[in-house]
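# Summary of structural features
Read off the chains here:
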Amino acid sequence: MHPLLLTFLIIGVPAGIGLVYIFVRGTSSMRRYIVTRIALTLPMVLILATLVFFVLRILPGDPVTSALGPKGSPEVKEQLRENLGLSDPILIQYGRFLGNIVTFDFGESLVGAHRPVSDELGERLPATIELILPATVLALLIGILFGTWAAARRKRASDYGFRLYSVVIYAMPIFWLGLLLQLLFGKVLGWAPIAGRIDAIVGTTLDRTTNFIVIDSIISGNWTALGSALHHMILPTLTLGLVLSGVFVRLTRINVIETLQEDYVTAANARGIRKHAVTYRYALKNAMIPVITLIGLQVAILLAGAVLTETVFSWPGMGRYLVERISSRDFTAVQSTITMFAIFVAMISLAVDIIYSLLDPRVRY
Amino acid sequence: MALDTKVPMGEPEAMRWASELEDVGFVRRILMARKWYHADWWFVTISAVMVVGFIVLALVPQVFASFSPQEQVGPRYLAPGESPDVEALIAPVDSGFSTVGDLAVGERISVAVVMGEPSSEAVRDESDRVNAAFKEQGIDAQVSLRIERYETLDAALTGILDGDVAVAISSSKAFEELAENYPTLNDVGPVAPGVNTRSFPLGTNQLGQDVLSRLIWGTRIALIIGFSSSLVSLFIGVPLGLFAGFTGGKIDRALTVLMDSLYAFPGLILAIAITAVLGPSIFNVIVAIAVLYIPTYFRIVRGQTLSVKESLYVEAARSLGAKARVILSRYVYPNVIPSVAIIFSVNVADAILTGAGLSFLGLGLPPTTPDWGIDLARGQETIQTAWWLITFPGVAVMLVVLAFTMMGEGLMEIFNPKLRER
Amino acid sequence: MKRFRHLLVLLFALALVAAACGDDTAETTTTAATTTTAAATTTTAATTTTAGEPEEKTLIIGTTDQIASLDGADAYAVHDWELLKNIGEGLIHWEPGSGDNLVPGVATDLGAFSEDGLSYTISLLPGLVFGDGTPLTAQTYADQINNRLLVLEGPNGVGPALGQPYVESVEALDDVTIKFNLTGTWAFFPQLLAGAPYIPTNPTQFGAELNLFPEAPVYGNGPWYIESYTQGEQAVLLPNELYHGERPALDRVIIRYFGDPQTMALAVESGEIDVAWRILGPELISQLEGVDGLTVETIPAGPIRYLILSHTLAPTDDPNVRKAIASLVDRDELTDRVFGGTTTPLYSQVPPGFLGATEVFDDLYGSPNIDAAVGFLAASGYTPDNPLELSLAYPPEHYGAETADIFEVLKEQLEASGAINVTLIAQEWSTYIGAVIGGADYPVSFLGWFYDYPDPDNYLSPFISNGGLGTMVTDPDTGEVTAGLDPRLTTLLLEAAATSDPAQRIALYEELQQVYAEEVVTVPLLIIAEHIVYRDGVAGSADFPSMETLNIGPTVEFNYFTLDVTG
């Protein structure tokens, strides 16, 4: 599946619904704001892509030299570079790059099998999403749970316990947590596999249409594959999710504490509503709003954490792809991947902003 | 602690209490603060002690580390607390060899070792020592060895019987297990008599370097990266934030858009790209990480500047004709400092984490630097056989990051009025 | 909140159930201690069915390599060549397991040079066909070389590298006789001809254009054909029914591609695969050595590692400095300390087993010899009070993470002289390799090499001719020997390449290696020996040498047709 199509589907659909809602029901100032945001996103992505393009070209070294190494005479290398279009004037290459983005082509990888980059990204992006999504859900669950408990038991032992947890888990390097989990659950106890998305043999029985292994195995009824995929997801998801949960615990706790000091909470208490109900039914809902929007900002942390998690667990995702291709100077792949990242991040923050504006009646434009 | 203003205090009592407070020294005040801030006080104090401890380690690692981080102190992959086996010379019963010195037969002599054992190094170190001793004493003989490597001890011992090699070196223990199969061969004694073997509290790594010493020396690199990049971010981000917040207008908007897009972009990816462009060196790592945190300082400082700018007393000052410089230094600055201090503390922690992540990926630092991230990356290869190589550097990173984060956390609790009990 | 919690529990339970139903047969992540029991129950491969049913012998080989190209006119990587050599058979090739025995493949004999050495004539066996029935005649072959290898320029570049420089054109003198018109007198042409680029390829799949990833099935003229393949996953080889020789003992060979060596090591331990081949590092090798049911064998050949010394940059332009470096490197220490004994010290740029190989660096320098080194340095004025400032450059990732260790140890070894101060420069591969070949940046750098054709010429010429990959012993443009260096470097090289008499070539190469060592063109360090790991029940053929390493010899060629599985 083409990676851009994928991004649009996943983020665009809910955001699109929200957009439609705003346009129909929202104020004109809100509409103006949304349109301005969308209009700003495009040049931002373009500027970033251009920057990446030129910076890569400044880098010494090129994919041909990198791949052949000491083999092949300079003439051979020059010829191969020409064949790949790397000797063309830089503006022509830039034009080609822009054209690729607009037609969603992304060009062909300059190394290895020279596969179309959109094919490669189409395989890698779902892998990263399959890692990030469950991890975020886990992080949110733990974060909201612990954060609320901590806020409700302010200044007591369990509050400090949860705060300690959030700080300790955040202080652990994510790749270290991954290594420890690998060691403990993978090697010593043998409860979960430590690398890859799916068992090698089982993986060959699976028809990959969307490259989301979970979806593909459900669609084709391949329950062995589903089991293997879920089994492989356990440790990486746990790693990323736990580390992220630290952030959410802190955020939730602070927001709930602030909310609990609002007047309407005092009023509710005064009216005799039980503390339990007050915390969870009144305060939590309002406290969640900033927490959920902060998910948008945490995308940055998520993607960064994903790179490290993918490296530890040999997870074939976009982060690892980027690191590999930077070293082999696969210009096309790198500039396309970073552009994809930028689009991804921009769309998520736009989507989150839209949702925030819908949820929080206080937001005015 | 809320003074109940509704119940009037006797005048002399109140004054006495206030003056007592002023007389109290700094240390006393810190201890008294404990009563006000409770556990947060503990948070800050413990972490401050840890931070100071780490800074001391970073400043003078040689005082605490028994060895230099690059020095080979023992065999490879020694477990924590494990004593290395004694390497012994295995020779035919009638050969007459009893020490390595006896191997100086006037020509190259073939010696069998088992792949992966420290036997080869042991015998070569000893022959160097013996040769140096011969030279000193003016003896003409020299030991000249040809090392033949075998995959198993059995193959090596068979090699002696076949005549391919003259002697074998192996650990006494390993030979004991096979001794009965080779009645004509004898363990004639340790290869290096008189040399004490020791164990190491955290074991050794793939080059035989002491893990504990490397940990201590790694503190220096980690703190250099953490502090330098944070300071650079601070000195760029804070002035920019003040400027933008104070000036407002188009410049402010342009800067904000720039900083926001930088802030939203995944930091590690950016750092990866920057270090890939600049190449492996500690300076480039500092630059790459510094760039990531400029927006954080910028946003917070700008926000604070904006809110201070709108406040009544600043309006009053301005209407009285106070110059911008005065407003900045008298009103904005003091309000900004506490936030900056908190950010700095958390920033150092984050920078150390990002730096470790970069080294783990193999980017940024030259791989011969004694750095925790690099040690963790190498440790991953032997995660099954040498668990200590990934455990301890990770603990080190965690403790340092914890110290700085806790300090920032605690400071935030103390400074943030909204979080105080009413 | 309560509903929430119920939902959580439900989700968790679902996940557990799904995982439990899943992969309990093929998946084992147990530690070595329990491997034997696990292996007994998870015989997914190499098994025979109960008596009465036809046995199907399957062998699963794991590798971390990737398929980069299946077109013989383009492919340049070790794994691509391995596949090509199994689905195709060259006119001549190496006897499996040997390093110096060329035997006819689909040719009647080894062929012969003409009098002047400028052409090479060889005859095909009659009646040859490819696996899909397409006939293989001299004309087919001539067309293949003329129109593909000598003309097409693919991204992997083997044509311009191993075709065009050596062969002018190919003629079909009749149905079976082939004549190669060479560009010069190349005495090692038979070795070249035995390589993958010169293996006959099927014109129906490899025509006028390059076809890097032809649609399966891929037929050649060898004992196997590729029934199917998926990048990064697996390739399935079945016996070629139309092969002119004996049918292989195995019924199926599956090559499984792994993303990293650790997973592959686990897979061979647990029985998921039968053979692990390329590339397990020294740590994984020592880990697997202790495992019951596995055999770990070292193949005494493989890529070499060496230091490039610039002969035009200071301070290595000074012969005393070069000789001091050659006297200080301790290859045994590198082997033991960095690689745990799994590599082999290398004492000449030409590895042992090749024609005329000597151990000249050991004879000449006997390193480590600190006294000699101190002497050389003093002769150029470098003393402990006036030390030599020397920088060593290396690529930290390309050759493995151990490269950094090699240089930490080398730094100690060089500084043991007391008169050298070493600075280490780690530079990222893409930047590094361009700089090394350019010859203007690093006085001392580090490279690896694997042969294009197994001949001493291929281990000497790249480091002497045309700038020598940064050694600068000759001028990169004119090819002239740099002033002050022994001109025999080029004259002997050319003479030995043109002489066809093996005894004469040996003498010439021995002399050349002596000159090479005296000028210290490079400092050969180690051979990264290849290792192969296989489970009990897998065996090579006793008919060929090196049975214990599954008939993989110094040429590092893996022929699947010699393999068999028992029980």
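For clarity, every value in this text was computed on a predicted model and none was experimentally measured. (Residues numbered from 1 in each chain as written. Chains lettered and ligands numbered in written order. Predicted model: local features only at pLDDT ≥ 70, side-chain atom pairs only at ≥ 80, totals over all residues. Heavy atoms only, no water.)

### Remarks on the overall build of chain C
- When you go through chain C residue by residue, the secondary structure sums to 17 helices and 23 strands.
- Computed over the C-alpha atoms, the radius of gyration of chain C is 26 Å, within 12% of the 24 Å expected from 2.2 N^0.38 for a compact globule of 567 residues.
- Over its C-alpha atoms, taken along the principal directions, chain C stretches across nearly 80 × 80 × 45 Å.
- By residue count, 60% of the 567 residues in chain C fall in the buried class.
- Across chain C, every contact between residues at least 6 apart in sequence was considered, and the portion connecting residues at least 24 apart equals 68%.
- With the model as given, the accessible surface of chain C reaches about 20,000 Å², and the carbon-plus-sulfur share is 54%.
- The distance from the centre of the 20 positive side-chain charges to the centre of the 78 negative ones in chain C is 10 Å. (Helix = DSSP H or I, 4+ residues; strand = E, 2+ residues; numbered from the N terminus. Rg over C-alpha atoms; globule rule 2.2 N^0.38 Å. Buried < 20%, exposed > 50% of the residue type's maximum accessible area, 1.4 Å probe, protein only. Contact = heavy atoms within 4.5 Å. Areas by Shrake-Rupley, 256 points an atom, 1.4 Å probe, with all protein chains shown as cover. Lys, Arg positive; Asp, Glu negative; His and termini not counted. Charge placed at Lys NZ, Arg CZ, Asp CG, Glu CD.)

### Focus: the nonpolar core
- Ranked by size, the top nonpolar core spans 142 residues in total, and within it B:L268, B:I272, B:L358, B:F360 and B:L361 carry the most contacts.
- Apart from the residues within four sequence positions on either side, B:I272 is in contact with A:V307, A:V323, A:I326, B:L358, B:L361 and B:L363.
- One finds C:I67, C:A326, C:F407 and C:L563 within the second-largest nonpolar core, a separate group that totals 106 residues. (Core = buried A, V, L, I, M, F, W, Y, C linked by side-chain atoms within 4.5 Å.)

### Some points on the packing of aromatic side chains
- In the structure shown here, the tally under the stated rule is 42 aromatic pairs over all chains.
- For the ring pair C:Y120 and C:F189, a centre distance of 5.4 Å and an interplane angle of 65° mean the geometry is edge-to-face. Taken as a pair, C:Y120 in strand 5 (residues 119–123) and C:F189 in helix 6 (residues 189–193) lie far apart in primary sequence, 69 residues in all. As far as burial versus exposure is concerned, C:Y120 and C:F189 are alike and both buried.
- A centroid spacing of 5.8 Å and a plane angle of 85° characterise the contact between C:Y166 and C:F188, whose relative ring orientation is edge-to-face. Taken together, the positions of C:Y166 in the loop between helix 5 (158–163) and strand 8 (167–172) and C:F188 in the loop between strand 9 (177–182) and helix 6 put the pair 22 residues apart, joining distant regions of the chain.
- Here C:Y166 falls in the buried class, since its relative accessible area comes to 14%.
- Judged by its relative accessible area of 1%, C:F188 falls in the buried class.
- A:K71 extends its terminal NZ or CZ atom over the ring of C:W449, reaching a point 4.2 Å from the ring centre. (Phe/Tyr/Trp six-rings, centres within 6.5 Å; stacked < 30°, edge-to-face > 60°. Lys NZ or Arg CZ within 6 Å of the ring centre and 35° of its normal.)

### Focus: the interface of chain C and chain A
- On the side of chain A, 47 residues touch chain C, which itself brings 46 residues to the contact.
- Together chain C and chain A conceal approximately 3,700 Å² of surface at their shared face, both sides included; 66% is due to carbon and sulfur atoms.
- Counting every contact that joins chain C to chain A gives one salt bridge.
- Where chain C meets chain A, there are three residue pairs in polar contact (both at pLDDT 80 or more).
- Breaking the side of chain C that touches chain A down by element, the ones donating at least two residues are helix 1 (2–21), helix 5, helix 7 (261–270), helix 14 (429–438) and strand 19 (444–449) of chain C.
- Sort the elements by how many residues they give to the side of chain C that touches chain A and helix 14 of chain C lands first, with six residues. (Buried area = accessible area lost by both parts, 1.4 Å probe. Salt bridge = Lys/Arg side-chain N within 4 Å of Asp/Glu carboxyl O. Polar contact = N/O pair within 3.5 Å; in protein donor to acceptor, adjacent residues only side chain to side chain.)

### Looking at helix 6 (residues 153–162) of chain B
All names here are of chain B.
- Residues of helix 6 that are buried: L153, A156, L157, G159 and I160. What you see down the axis of helix 6 is that its buried residues fit within an arc of 145°, all on one side.
- Just past helix 6, the residue G163 takes up positive phi, approximately 85°. (Arc of directions from axis to C-beta.)

### Overview of the packing of helix 6 (residues 117–152) of chain A against helix 14 (residues 318–327) of chain A
All names here are of chain A.
- Interhelical geometry of helix 6 versus helix 14 gives an angle of 135° and a closest axis separation of 8 Å. Overall, the two elements helix 6 and helix 14 adopt an arrangement that is oblique. Across the interface between the two elements, V117, E120, L121, R124, L125 and T128 of helix 6 pack against M318, G319, Y321, E324 and R325 of helix 14.
- Among the residues forming the contact of helix 6 with helix 14, the class breakdown is five nonpolar, two polar and four charged. (Axes fitted to C-alpha atoms, helices over the stretch in contact; angles between N-to-C directions. Parallel < 35°, antiparallel > 145°, perpendicular 65-115°, else oblique. Nonpolar A, V, L, I, M, F, W, Y, C, P; charged D, E, K, R; others polar.)

### A few points about the interface of chain A and chain B
- Counting residues at the interface gives 43 residues for chain A and 43 residues for chain B.
- If you sort the residues of chain A by the area they bury against chain B, A:R163, A:F175 and A:W176 come out on top, with a joint share of 14%.
- Along the contact surface separating chain A from chain B lie zero salt bridges.
- Linking chain A with chain B are three residue pairs in polar contact (both at pLDDT 80 or more).
- Going through the elements one at a time, helix 2 (28–58), helix 7 (157–171), helix 8 (174–188), helix 11 (223–260), helix 13 (275–312), helix 14 and helix 15 (331–359) of chain A are the ones with two or more residues in the side of chain A that touches chain B.
- The element contributing the most residues to the side of chain A that touches chain B is helix 13 of chain A, with eight residues.
- Its residues placed into classes, the side of chain A that touches chain B shows 33 nonpolar, three polar and seven charged.

### As for the pattern of salt bridges
- Across all of its chains, the model carries 40 salt bridges over all chains by this definition.
- For the salt bridge of A:R325 with A:E120, the shortest nitrogen-to-oxygen distance reads 3.2 Å. In this pair, A:R325 sits in helix 14 while A:E120 sits in helix 6, placing the two residues 205 residues apart along the sequence.
- The class of A:E120 is buried, set by a relative accessible area of 8%.
- Between C:D332 and B:R149 there is a salt bridge, with its nearest N and O atoms 2.7 Å apart.

### Structural notes on the side chain of C:N156
- By the element assignment, C:N156 lies in the loop between helix 4 (138–149) and helix 5.
- Other than its neighbours up to four places away in sequence, C:N156 contacts A:L68, C:A68, C:S69, C:D74, C:A75, C:Y76 and C:L212.

### A closer look at the sheet that holds strand 2 (residues 109–114) of chain B
Residue and element names in this part refer to chain B.
- Sheet architecture is open: five strands sit in the order 3-2-4-1-5, paired in mixed fashion. Strands at the two margins of the open sheet, each flanked by one partner only, are strand 3 (145–150) and strand 5 (185–190). Along the sheet, successive strands turn relative to each other by an average axial angle of 30°, direction set aside.
- With six bridges joining them, strand 2 and strand 3 adopt parallel strand pairing. Pairing of S110 across the sheet is with R146, part of strand 3.
- Across the sheet, helix 5 (residues 119–137) is in contact with strand 1 (87–92), strand 2, strand 3 and strand 4 (167–171); its angle to strand 3 comes to roughly 170°. (Pairing = 2+ DSSP bridges.)

### Quick word on empty space enclosed by the protein
Residue and element names in this part refer to chain C.
- Under the criterion given, the structure shown has 12 cavities of 30 Å³ or more.
- The volume enclosed by the largest cavity comes to roughly 100 Å³.
- For the lining of the largest cavity, the per-class residue count stands at six nonpolar, one polar and three charged.
- The volume enclosed by the second largest cavity comes to roughly 80 Å³.
- Lining the second largest cavity are 14 residues, and of these L84, I87, P200, T201 and F206 sit closest to its centre. (1 Å grid on protein atoms, 1.4 Å probe; cavity = no way out; pocket = protein on both sides within 12 Å on 5 of 7 lines; lining within 4 Å. Points joined across faces, edges and corners; volume = space filled by probe spheres on them.)

Everything listed here is a matter of geometry and, on its own, says nothing about what the molecule does.
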